[in-house]
Amino acid sequence: MRLGASTSCFYPLETEQALRKVCELGFEKAEIFMNAPSELEVPFVKELGKTAESGGTDIISVHPFSSFLESSCIFGDYQRRFDDYIGLYQKTFHAAAVLGAEFAVIHGAVAAPKIPIPDERYFERFKMLVELGRAEGVTVCQENVNRFKSQSITFCKKMRDALGGDFNMVFDIKQTVRAGEDTFEFLKEFKSNIRHIHISDNGRLGDCLPPGKGGFDFKRLKDIMDDAGYNGDCVIEIYSGSYDVFKELKESKVYLDKLWQM
C-alpha cells in the first residue's frame, strides 16, 4: 500500500501551504481537503496541481469543505435547497478531476438530525452524487464518520444493498474507534468496497494519534487488505492539536514504511 498524507493534518494552515508541506515530507500521495469556495475555482486548483507535480506527489482524493452542509442541503427534505447546493458538488468533483484525483470523500448526513432523513432519500441523493462524479471520472465514496449515519456497520450494509456497484467506501480508523465500532470487523465487512483508507493510531493517549504512537495493529490492517487484493492507498489523517505535525508525520512515514516492508 502506498502512503500519503492529508492536507487537513496542517489545518488551519492554508491549503496550498499544507500541500507544500506534504510534498516536502516526500509522500507519494496526498488528499486535498478544500477549505473554502474559492479553492474550487479552476485557476487555484491548477496551482495546487503544479505544486503536487513539482513535489512528485499524486493527488489521490479531494474532500469537500461543505460536509457540514450535507444533512440539510443535500440530504434534507427541501427540494429547492438541494437544487441550489448540488452545483457545489459538481464544482468539487470537477476540481478533483482537474487535480487527477480518483476519489471524492463524502461524510453524508448526521445520525440524528432534527428532521429525520429517510434512508431511501439518502441513497437516492447519494446516487446523484455518484453520477455527478462519474461524469468527471471521479469515484464518489462514503466515509464512515462518527455521529453520522455512516458510523455503523448496519447502515453501511443497507447502503451497499441499495447502491450495489455504486457503493464505494473511504475507511477511517479513528472514526470506528469514536463510534464504538470494532475497527477490524468494519474492515473485514467492507474490505471489497474500500477504495481509500484514512489512517491514524489510537491508545491510552487518544483516538487520533500519529501512526506509531499508539497500539493499533497496522500490520493486521495491511494483511486484511492484501488478502482482499486491495491496490489503493493509505493516507495519514491526524490533526495538529498540541504537537508538531510536520515532525510527527515524518516519524510516522518512517515507522509505516519500515513496518509494511517487513
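See the structure shown above.
All of the points below concern the structure found in this document. Keep in mind it's a predicted model, so treat the numbers as computed, not measured.

### Let's talk about the pairing of strand S4 (residues 103–106)
Alright, step 1. Residue alternation in S4 divides its side chains into two sets, Phe103 and Val105 and Ala104 and Ile106, and both sets are buried.
Alright, step 2. Bridge analysis of strand S3 (residues 58–63) against S4 gives two bridges, and the strand direction is parallel. Residue Val62 lies in a different strand from S4, and its bridge partner there is Ala104.
Alright, step 3. Looking at chain direction, S4 and strand S5 (residues 139–143) are connected through four bridges and run parallel.

### Focus: the side chain of Arg121
Alright, step 1. Residue position: Arg121 is located in helix H5 (residues 119–135).
Alright, step 2. For the buried residue Arg121, which engages in no salt bridge, the nearest side chain bearing the opposite charge is Asp77, 4.9 Å off.
Alright, step 3. There is a polar contact of 3.0 Å between the side chain of Arg121 and the backbone oxygen of Phe75.
Alright, step 4. When sequence neighbours within four positions are dropped, the list of residues in contact with Arg121 reads Phe75, Gly76, Asp77 and Pro116.

### What about helix H6 (residues 153–163)?
Alright, step 1. Taken as a whole, H6 has its buried residues at Ile153, Phe155, Cys156, Met159, Arg160 and Leu163. What you see down the axis of H6 is that its buried residues fit within an arc of 160°, all on one side. Exposed and facing more than 90 degrees away from the buried side of H6 are Thr154 and Asp161.
Alright, step 2. Immediately beyond the C-terminal end of H6, within one or two residues, lies Gly164, with a positive phi of roughly 60°.

### Notes on the sheet that holds S4
Sheet strands pair by backbone hydrogen bonding; their relative direction is either parallel or antiparallel.
Alright, step 1. Within the closed barrel, the eight strands sit side by side as S1-S2-S3-S4-S5-S6-S7-S10. Their pairing is parallel. Averaged over all neighbouring strand pairs, the angle between strand axes comes to 30°, with direction disregarded.
Alright, step 2. Strands S4 and S5 of the sheet are contacted by H5, whose axis makes an angle of about 145° with S5.

### Remarks on the state of the cysteines
Alright, step 1. All told, the structure shown has zero disulfides when counted by the stated rule.
Alright, step 2. No disulfide involves Cys234; its nearest neighbouring cysteine sulfur is the one of Cys9, lying 13 Å away.
Alright, step 3. For Cys234, a relative accessible area of 0% corresponds to the buried category.

### Re the pairing of strand S7 (residues 194–199)
Alright, step 1. Of all the six residues making up S7, five are buried; the element is thus mostly covered by neighbouring parts of the structure.
Alright, step 2. Two elements, strand S6 (residues 169–172) and S7, share four bridges in a ladder whose sense is parallel. Paired with Val170 across the bridge in S7 is His196.
Alright, step 3. Where S7 meets strand S10 (residues 233–236), four bridges bridge the pair, whose relative direction is parallel. Note that in S10 the partner of His198 across the bridge is Val235.

Definitions and cut-offs
- Residues numbered from 1 in each chain as written.
- Predicted model: local features only at pLDDT ≥ 70, side-chain atom pairs only at ≥ 80, totals over all residues.
- Heavy atoms only, no water.
- Buried < 20%, exposed > 50% of the residue type's maximum accessible area, 1.4 Å probe, protein only.
- Helix = DSSP H or I, 4+ residues; strand = E, 2+ residues; numbered from the N terminus.
- Pairing = 2+ DSSP bridges.
- Lys, Arg positive; Asp, Glu negative; His and termini not counted.
- Salt bridge = Lys/Arg side-chain N within 4 Å of Asp/Glu carboxyl O.
- Polar contact = N/O pair within 3.5 Å; in protein donor to acceptor, adjacent residues only side chain to side chain.
- Contact = heavy atoms within 4.5 Å.
- Arc of directions from axis to C-beta.
- Axes fitted to C-alpha atoms, helices over the stretch in contact; angles between N-to-C directions.
- Disulfide = S-S within 2.5 Å.

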